[in-house]
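The residues making up each chain are set out below.
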Amino acid sequence: MGDGPLADAYAVASRSSAPPVDPITGAALRFLAAAIGARSAVEVGTGCGVSGVWLLRGMAPDSILTTVDTDAEYQNHARAVFGGEGFGTGRARLIRGRALEVLPRLTDGGYDLVFVDADREAYLHYLDEARRLLRPGGVMVFHGSLTASAEPDGPLRVPDPAETVARELVQRVREDGALVPLLMPVGEGLLAAIRP
C-alpha cells in the first residue's frame, strides 16, 4: 500500500473492531463503481474509511458517497482519510446512526451502488433496503458472503447466526429472478447483484 492516508487507514482499521476490506476486495469495489459510472453510492459501515476510498476512486469525479456508521470516531477518521486522499468535503456525506434507521430515510431509486459491510446478522434487512434504494441498472454488493465454515453442520457444529444469514442471503439473491447475481471469491467474498 505504500505511504499515505489509505495506508494509515489500513493500519488503524487493522487494530480496530471494524477490520478493513483487503486491497483485492477494494480493487473489486473500485472496478464495480467505475464499470457502472457510479455517481451516487451508499455504504453501510464506514469503518475507518478504507472501503469508502476504494469506492470514491472508482466513482465519477462529481459523485457523492453516502456512508453510514454508528461510531463517530470511525467517521471522523474516515473524513480525514477522504480529505487526505484529495476527495473534497462535498464528495462524502457521513451519517452517524443505525443503518436500519437511516436507510429508510434515503431516496427510493436514488443510488447507483449500495455496498454493505456491517452487522452481518442484518444482511437480509439490508437486502430489502438495497433493492429499494437502487435505480434500474444499479449494483448491490455485500462483503463477507463466503464466510461459511468448511465443516458440515451437524450435532457437533451449529453455524453461528452470521453464517446462517450469509447462506440465506446468497440463496435469496441467486433465486431472485429480478436480480442478476455474481458471487466473487475475493477476500471474504463479495456478493454482487444488478437490479435490471
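A brief look at the structure comes next. Small disclaimer: the values here were computed from a predicted structure and weren't measured.

1. A word on the sheet that holds strand S2 (residues 64–69)
Next up, step 1: Pairing is mixed across the open sheet formed by 7 strands, whose spatial order is S3-S2-S1-S4-S5-S7-S6. Two strands in the sheet have a free side with no partner beyond their single neighbour: strand S3 (92–96) and strand S6 (180–184). Averaged over all adjacent pairs, the angle separating strand axes in this sheet is 15°, with direction ignored.
Next up, step 2: When S2 meets S3, the two strands line up parallel, connected through 5 bridges. Within S3, the residue paired with threonine 66 across the bridge is arginine 93.
Next up, step 3: Strands in contact with helix H7 (residues 161–175) are strand S5 (134–143), S6 and strand S7 (190–195); relative to S7, the strand with the most contacts, it is inclined by about 30°.

2. With respect to the pattern of salt bridges
Pairing between side chains of opposite charge can happen when their charged atoms approach one another.
Next up, step 1: Applying the stated rule across the entire model yields 11 salt bridges.
Next up, step 2: Taking the shortest distance from any N to any O, the salt bridge between glutamate 85 and arginine 57 comes out at 2.9 Å. Here glutamate 85 is found in the loop between helix H4 (72–84) and S3, whereas its partner arginine 57 is found in helix H3 (residues 50–58), with 28 residues between them in sequence.
Next up, step 3: Look at glutamate 85 and you get partly exposed, because its relative accessible area is 22%.
Next up, step 4: Residue class for arginine 57 comes out partly exposed when judged on its relative accessible area of 32%.
Next up, step 5: We note a salt bridge from arginine 167 to glutamate 163, for which the minimum N-O separation is 2.8 Å. You can see arginine 167 and its partner glutamate 163 sitting in helix H7, 4 residues apart, about one turn around the helix.
Next up, step 6: Exposure remark for glutamate 163: the relative accessible area of 6% places this residue in the buried category.
Next up, step 7: Each of Asp108, Glu129 and Arg132 takes part in salt bridges that share partners, so that together they form one network.

Calculation rules
Residues numbered from 1 in each chain as written. Predicted model: local features only at pLDDT ≥ 70, side-chain atom pairs only at ≥ 80, totals over all residues. Heavy atoms only, no water. Pairing = 2+ DSSP bridges. Helix = DSSP H or I, 4+ residues; strand = E, 2+ residues; numbered from the N terminus. Axes fitted to C-alpha atoms, helices over the stretch in contact; angles between N-to-C directions. Contact = heavy atoms within 4.5 Å. Salt bridge = Lys/Arg side-chain N within 4 Å of Asp/Glu carboxyl O. Buried < 20%, exposed > 50% of the residue type's maximum accessible area, 1.4 Å probe, protein only.

As far as function goes, none of this settles anything; it's purely spatial.
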